[in-house]
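# Examination of the molecular architecture
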Amino acid sequence: MRSGSNRESQLRRRRCRLKLLGLALCISTMDFLLVPGARAQDWQLVHSADRLQVQRRNYEGSELDEIRGVIAVEASLNAVMALLKDDAFNDQWVYRSGGAEILRQDGYASAYVYGVVDAPWPMLDRDTIVRFDYRQDPLTREIVITITNAPDFIPARENLVRVPDFGGFWKLRPQAGGRVEVIYQVYGDPGGLVPVWLANFAAQRSVIRTLQNLGPAVARYAGAHSPFVQELAAD
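Residues numbered from 1 in each chain as written. Predicted model: local features only at pLDDT ≥ 70, side-chain atom pairs only at ≥ 80, totals over all residues. Heavy atoms only, no water.

On the secondary structure map, Asn200 appears in helix α3 (residues 196–218). Here the side chain of Asn200 touches Asp65 through a polar contact of 2.8 Å, landing on its backbone nitrogen. For Asn200, the residues in contact, after removing those within four places along its chain, are Glu63, Leu64 and Asp65. (Helix = DSSP H or I, 4+ residues; strand = E, 2+ residues; numbered from the N terminus. Polar contact = N/O pair within 3.5 Å; in protein donor to acceptor, adjacent residues only side chain to side chain. Contact = heavy atoms within 4.5 Å.)

Shown next, in the form of structure tokens:
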């Protein structure tokens, strides 16, 4: 009788341990799912020099990279916005820009813009149509300009590859001392037969060179002013 009782007791203890192990595994899995960013890939630094930092990470569901660049420039919010909105000057500072044209503007806050990317030989040049939407936080004065792809806004043009997927944002954060922190984050599929490694290399190079050019380019807009752009109040 005692032998049978011992076996039953051992079985009960074993079942209890298995239940506790299962519960522990369940809790562990729930913790992984609930921790913010647990499934997100961290940004990886690819460039750091002269107040410019550029990072990359895999764009969700793709082998292509998402790129983020951050730089501080000595300029006003109005000056940076004037530069970003000047389509005629775009090819003077945006890396490999073949020119830009505002197709439709809905007041100050929204515009559809056509752009050409001067691709290196033997690749065909690319063209893009994106919608820019502007908003400014009334308290912090931070500006966010979202970039939304609109490839079908106008028909395809001959001898150009229409970029099928592109998006991101510009973020302008005013700082003390007359500086603006500029964040430029983008992802894109260049379309056509382009190796992934080459597309990712080109994306990194584009963000690096564009933000390197931004500082000198924005100086020409030092006196710019718009009633739609409010500067951070001085302390």
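The discussion continues.
The element strand β3 (residues 65–74) is largely enclosed, with a buried count of seven among its 10 residues. Where strand β2 (residues 52–58) meets β3, seven bridges bridge the pair, whose relative direction is antiparallel. Along β3, the bridge assignment pairs Gln53 with Val70. Where β2 folds back onto β3 in an antiparallel hairpin, the turn is made up of six residues, including Gly61, whose phi is positive at roughly 80°. Examined bridge by bridge, β3 and strand β10 (residues 179–189) share nine bridges and lie antiparallel to one another. By the bridge assignment, Ala72 is partnered in β10 with Glu181. (Buried < 20%, exposed > 50% of the residue type's maximum accessible area, 1.4 Å probe, protein only. Pairing = 2+ DSSP bridges.)

Moving on, we come to the environment of Asp125. The residue Asp125 is located in the loop between β5 (110–117) and β6 (126–136) in this model. Judged by relative accessible area, which is 25%, Asp125 ranks as partly exposed. A C-alpha to C-alpha distance of 6.4 Å links Asp125 and Val161, two positions 36 residues apart in sequence. Apart from the residues lying within four places of it in its own chain, the contact partners of Asp125 are Val116, Val117, Asp118, Ala119, Asn159, Leu160 and Val161. Only 3.0 Å separates the side chain of Asp125 from the backbone nitrogen of Ala119, close enough to count as a polar contact.

This next bit is on the packing of helix α2 (residues 77–85) against α3. Between α2 and α3, the least distance of the axes is 10 Å, while the angle of their chain directions is 115°. Between α2 and α3, the angle falls in the class roughly perpendicular. Crossing of α2 against α3: the hand is right-handed. Residues Ala79, Val80 and Leu83 of α2 form the contact with α3, whose own contacting residues are Leu214, Ala217 and Val218. When the residues that make up the contact of α2 with α3 are grouped by side-chain class, the tally is six nonpolar, no polar and no charged. (Axes fitted to C-alpha atoms, helices over the stretch in contact; angles between N-to-C directions. Parallel < 35°, antiparallel > 145°, perpendicular 65-115°, else oblique. Left-handed = near helix turned anticlockwise from the far one by under 90°. Nonpolar A, V, L, I, M, F, W, Y, C, P; charged D, E, K, R; others polar.)

Turning our eyes to something else, we now look at the packing of aromatic side chains. Evaluated as defined, the whole model comprises seven aromatic pairs. Considering the side-chain rings of Phe89 and Tyr221, the 6.2 Å spacing of their centres and the 70° angle between planes classify their relative orientation as edge-to-face. Highlighted residues: Phe89 in the loop between α2 and β4 (97–106) and Tyr221 in the segment after α3, separated in sequence by 132 residues. Like Phe89, the residue Tyr221 is buried in the burial classification. With a centroid separation of 4.2 Å and 10° between ring planes, the pair formed by Tyr112 and Phe153 is classed as stacked. Taken together, the positions of Tyr112 in strand β5 and Phe153 in the loop between β7 (143–149) and β8 (161–162) put the pair 41 residues apart, joining distant regions of the chain. A connected cluster of aromatic rings, assembled from ring pairs, spans Trp93, Trp170 and Tyr184. Across the ring face of Tyr114, the terminal group of Arg157 is positioned such that the distance to the ring centre comes to 4.1 Å. (Phe/Tyr/Trp six-rings, centres within 6.5 Å; stacked < 30°, edge-to-face > 60°. Lys NZ or Arg CZ within 6 Å of the ring centre and 35° of its normal.)

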